Amino acid sequence: MRALIWVEGTVQGVGYRWWVTQHAERLGLVGHARNLSDGRVEIEAQGGSEAVQELIDMVTERRPRARRPGYTTGFLVEHHPPRPRAAGFHPW
């Protein structure tokens, strides 16, 4: 399973991408978390459907259980077919 997630709010310059990367690696996912020029963070996560869904739940929950840096105000999630030969998770 592969998901693209766009996160709005105060998510740049606060360690948000590194937080996402830490949890994605723990879940065995591949992909990236990168800053966009409009202030959002784009997350691409690929792996087992349960692991991808767990990451989606973590980044979209209103009252985060895991200490999440920054402050989020909105999310957009899209599901896509997996990409072959994807490796590693990168905070760009």
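Our subject in this report is the structure included herewith.

Things to note about the packing of aromatic side chains
Any two aromatic rings considered together are summarised by their centre-to-centre distance and by the angle between their planes. A complete count under the given rule lists one aromatic pair for this structure. Aromatic pair Y16 and W19: ring centres 5.9 Å apart, planes at 35 degrees, arrangement tilted. Here Y16 and its partner W19 are both found in helix α1 (residues 16–26), three residues apart, which amounts to about one turn of the helix. Judged by relative accessible area, W19 falls into the buried class, the value being 7%.

A closer look at the pattern of salt bridges
Summed over the entire model, instances satisfying the criterion amount to five salt bridges. Where E44 meets R2, a salt bridge forms, and the shortest distance between an N and an O atom there is 2.7 Å. With E44 in strand β3 (residues 41–46) and R2 in strand β1 (residues 2–10), this residue pair connects regions lying 42 residues apart in the sequence. What makes E44 buried here is its relative accessible area of 9%. Among the salt bridges present, the one from R40 reaches D38, with a minimum N-O distance of 2.8 Å. Given the relative accessible area of 23%, R40 is considered partly exposed. With a relative accessible area of 49%, D38 lands in the partly exposed category.

What about the pairing of strand β2 (residues 30–35)?
The sheet contact formed by β2 and β3 spans six bridges and is antiparallel. From the neighbouring strand, R34 faces β3, where its bridge partner is E42. The turn linking β2 back onto β3 is made up of five residues, and G39 within it adopts a positive phi angle of 95 degrees.

Looking at the nonpolar core
Y16, V20, L29, I43, L55 and V59 are the most contacted members of the largest nonpolar core, which totals 21 residues. Counting only elements with at least two residues in this core, the list comes to β1, α1, β3 and α2 (49–60). Per element, the largest residue contribution to this core is six residues, and it comes from α2. Each residue touching Y16, except ones within four places of it in the same chain, is listed here: V7, V11, V41, I43, V59, R68, P69 and T72.

Thresholds, definitions, all that
Residues numbered from 1 in each chain as written. Predicted model: local features only at pLDDT ≥ 70, side-chain atom pairs only at ≥ 80, totals over all residues. Heavy atoms only, no water. Phe/Tyr/Trp six-rings, centres within 6.5 Å; stacked < 30°, edge-to-face > 60°. Helix = DSSP H or I, 4+ residues; strand = E, 2+ residues; numbered from the N terminus. Buried < 20%, exposed > 50% of the residue type's maximum accessible area, 1.4 Å probe, protein only. Salt bridge = Lys/Arg side-chain N within 4 Å of Asp/Glu carboxyl O. Pairing = 2+ DSSP bridges. Core = buried A, V, L, I, M, F, W, Y, C linked by side-chain atoms within 4.5 Å. Contact = heavy atoms within 4.5 Å.

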